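Listed below are the residues making up each chain.
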Amino acid sequence: MKIAIGSDHAGFEQKAALAPWLAEEGHEVLDFGPANEDRVDYPDYAYRVAMAVADGRAERGVLVCGTGLGMAMGANKVPGVRAAAVQTPEFAELARAHNDANVLCLSGRFVDLDVNEELCRVFLSTPFEGGRHEGRVAKLDRGCLVEPRVRVVNHPLVAHKLSILRSEDTPTKLFRELVRELALFLGYEATRDFPLEDVQVTTPLETFTAQRVAGKKVAVVPILRAGLGMVDGLLMLIPSAKVGHIGMYRDHETHEPHEYYCKLPEDVDQRTCLVVDPMLATGGSAAMAIGYLREQGVQDVRLLSIVAAPEGLEAVMAADPAVRIFTCSIDRGLNDDAYILPGLGDAGDRIFGTL
Ligand code: PRP
Ligand code: URA
């Protein structure tokens, strides 16, 4: 069998012994390094070995680090790889028979070489049982189909723009522009799963099959006032969207939201609603707005907030078990006045210059 092997510095000594031993056992060994005991980072070697297994250069992989755990975490990031950190022959057998593991991750610091040799022997000689395990392994390979409910937009330009937005020295005009731009980034992420359909397009050179968004109907729903600052960014992305408005203000003493205005598109129940508000603090305003949309029959609600407090995220998710939330940052928490820390102050006042 073709075996890819690799280690970090902590697993180097055992890898150096296992490679020739595997060859003596009749396997063809591809050694992905390292070549000496110098300190290295285990993910680098986990990826090399895992890639060799994933692209078929090797049938199985063997990785050795201090515990075997980091190697398994790294190797499992490569699609098609099922890596198991194993310390007993029983686990080596089950990793093959039930999980169809293709990479064995060993501990060079806590398990003796003769035991690791035995683990290799079992791992390399045990077939996959198939049967009831087949569907489960297929699910492992497909990955998690459940979208995380909170997505933080992780992009250098978002971090850069947000740092300027937060600064107390940023003037109103620039603040507004940044809110619009960050809304665009949030919208980009929040629409990532919109379905596409094939269309024929004729370029000046030829006709070919291109893809367009398959008739998704969208409503952008700003929570007034501050949410208004995000609308233009979203409309740049989705010019055909309709805009509904929900007016709310927080009572300064109780921090409870109060609704004062609401106007939604007539067919709002057939639209994906992108609720926009730069700040998610206690979550009271967003939860109330989302609750109202649900009462109108809206199925698909997504909340886009530039800055979110953990308290607000929890409150909104508890109030609505299906809403998905997109944010540029999850901040530390709230102060006694329910303002987000470090936050950016009062978003509405900064957008409209009413400080
Ligand atoms: C701000 C913000 C949110 C709300 C967030 O609005 O724009 O709507 O507070 O707080 P919460 O999560 O604790 O409900 P504010 O009430 O200050 O009104 P404004 O937009 O008119 O300034
Ligand atoms: N509303 C804001 O505008 N800012 C906060 O920090 C909290 C609520």
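Quantities reported herein were computed from a predicted structural model and do not represent experimental measurements.

Caption draft 1: Spotlight on the nonpolar core. Formed by 35 residues in total, the largest nonpolar core has its most connected members in L165, L186, M230, L304 and I306. Going through the elements one at a time, helix 7 (156–166), helix 8 (172–190), strand 9 (218–224), helix 9 (228–237), strand 13 (272–276), strand 15 (301–308), strand 16 (324–330) and helix 12 (347–352) are the ones with two or more residues in this core. If one sorts the elements of this core by residue count, helix 8 sits on top with 8 residues. If sequence neighbours within four positions are ignored, L165 has contacts with F175, L178, V179, L182, I306, L344 and R350. V221, C273, A286 and V298 belong to the second-largest nonpolar core, a separate cluster that totals 22 residues.

Caption draft 2: Seen up close, the sheet that holds strand 1 (residues 2–7). One open sheet holds the 5 strands; their spatial order is 2-1-3-5-4, and the pairing between them is parallel. Both edges of this open sheet fall to strand 2 (28–31) and strand 4 (83–85), since each of them pairs with a single strand only. Averaged over neighbouring strand pairs, the angle between their axes works out to 25° when direction is ignored. Sitting on the sheet, helix 1 (residues 12–24) is in contact with strand 1, strand 2, strand 3 (60–65) and strand 5 (103–107), with an inclination near 165° to strand 1. Strands in contact with helix 2 (residues 42–54) are strand 1, strand 3 and strand 5; relative to strand 3, the strand with the most contacts, it is inclined by about 170°.

Caption draft 3: Layout of the site of ligand 1. Among the 16 residues in the neighbourhood of ligand 1, the closest are listed as R250, D277, T282, G283 and S285. At 3.0 Å, a side-chain N or O of R225 approaches an oxygen atom of ligand 1. For ligand 1, the protein covers 91% of the area, taking 500 Å² as the surface of the free molecule. Secondary structure elements with two or more residues in the shell around ligand 1: strand 11 (245–250), strand 14 (279–280) and helix 10 (284–295).

Caption draft 4: Up close: unusual backbone geometry. With an omega of -5°, the peptide bond between L224 and R225 qualifies as cis. Inspection of the secondary structure puts R225 in the loop between strand 9 and helix 9. Put simply, L341 and P342 share a cis peptide bond, and its omega is -5°. As for its placement among the helices and strands, P342 is situated in the loop between strand 18 (340–341) and helix 12. With a phi close to 65°, H255 is a non-glycine residue in the positive phi region.

Caption draft 5: View of helix 11 (residues 310–319). The complete set of buried residues in helix 11 reads G312, L313 and V316. Looking down the long axis of helix 11, one finds its buried residues gathered within 100° of arc, a one-sided arrangement. Facing away from the buried side of helix 11 by over 90 degrees, the exposed positions are E314 and A318. As for helix 11, its buried residues are in contact with strand 6 (150–152), strand 14, helix 10, strand 15 and strand 16.

Caption draft 6: Main features of the site of ligand 2. Every residue near ligand 2 is listed here: R250, M279, A281, A338, Y339, I340, G345, D346 and A347. Here an oxygen atom of ligand 2 and a backbone polar atom of I340 are 2.8 Å apart. Take A347: an N or O atom from its main chain is 2.8 Å from an oxygen atom of ligand 2. Calculation on ligand 2 without its partners gives an accessible area of 240 Å², and the protein chains cover 89% of this total. Here the residues of the shell around ligand 2 are counted per class, giving 6 nonpolar, 1 polar and 2 charged.

Caption draft 7: Representation of the pattern of salt bridges within the structure. Applying the stated criterion across every chain, the model contains 20 salt bridges. We note a salt bridge from E25 to R121, for which the minimum N-O separation is 3.7 Å. With E25 in the loop between helix 1 and strand 2 and R121 in helix 5 (residues 113–125), this pair connects stretches of sequence that are 96 residues apart. Between E177 and K173 there is a salt bridge whose closest N-O contact spans 2.9 Å. Within this pair, E177 and its partner K173 are both found in helix 8, separated by 4 residues, close to a single helical turn. Taking relative accessible area as the criterion, E177 reaches 24% and is therefore assigned partly exposed.

Caption draft 8: How the structure looks around the pairing of strand 3. Counting buried residues in strand 3 gives 6 out of 6 residues, a clear majority hidden from the surface. On strand 3, burial covers both faces: R60, V62 and V64 on one face and G61, L63 and C65 on the other are all buried. In terms of strand pairing, strand 1 meets strand 3 through 5 bridges, oriented parallel. Paired with I3 across the two strands is R60, which belongs to strand 3.

Caption draft 9: Looking closely at the packing of aromatic side chains. This model, assessed by the stated rule, comprises 1 aromatic pair. For R60, the ring lying beneath its charged end belongs to F123, and the centroid distance is 5.9 Å. Here the basic side chain of K216 rests over the ring of F194, its NZ or CZ set 5.3 Å away from the ring centre.

Caption draft 10: The domain arrangement of the chain, seen in detail. Partitioning the chain into domains gives domain 1 (2–143) and domain 2 (146–352). Measuring from the centre of the C-alpha atoms in domain 1 to the corresponding centre in domain 2 gives 44 Å.

Rules behind the numbers
- Residues numbered from 1 in each chain as written.
- Chains lettered and ligands numbered in written order.
- Predicted model: local features only at pLDDT ≥ 70, side-chain atom pairs only at ≥ 80, totals over all residues.
- Heavy atoms only, no water.
- Core = buried A, V, L, I, M, F, W, Y, C linked by side-chain atoms within 4.5 Å.
- Buried < 20%, exposed > 50% of the residue type's maximum accessible area, 1.4 Å probe, protein only.
- Helix = DSSP H or I, 4+ residues; strand = E, 2+ residues; numbered from the N terminus.
- Contact = heavy atoms within 4.5 Å.
- Pairing = 2+ DSSP bridges.
- Axes fitted to C-alpha atoms, helices over the stretch in contact; angles between N-to-C directions.
- Near = heavy atom within 4 Å.
- Polar contact = N/O pair within 3.5 Å; in protein donor to acceptor, adjacent residues only side chain to side chain.
- Areas by Shrake-Rupley, 256 points an atom, 1.4 Å probe, with all protein chains shown as cover.
- Arc of directions from axis to C-beta.
- Nonpolar A, V, L, I, M, F, W, Y, C, P; charged D, E, K, R; others polar.
- Salt bridge = Lys/Arg side-chain N within 4 Å of Asp/Glu carboxyl O.
- Phe/Tyr/Trp six-rings, centres within 6.5 Å; stacked < 30°, edge-to-face > 60°.
- Lys NZ or Arg CZ within 6 Å of the ring centre and 35° of its normal.
- Domains from an automatic or database assignment.

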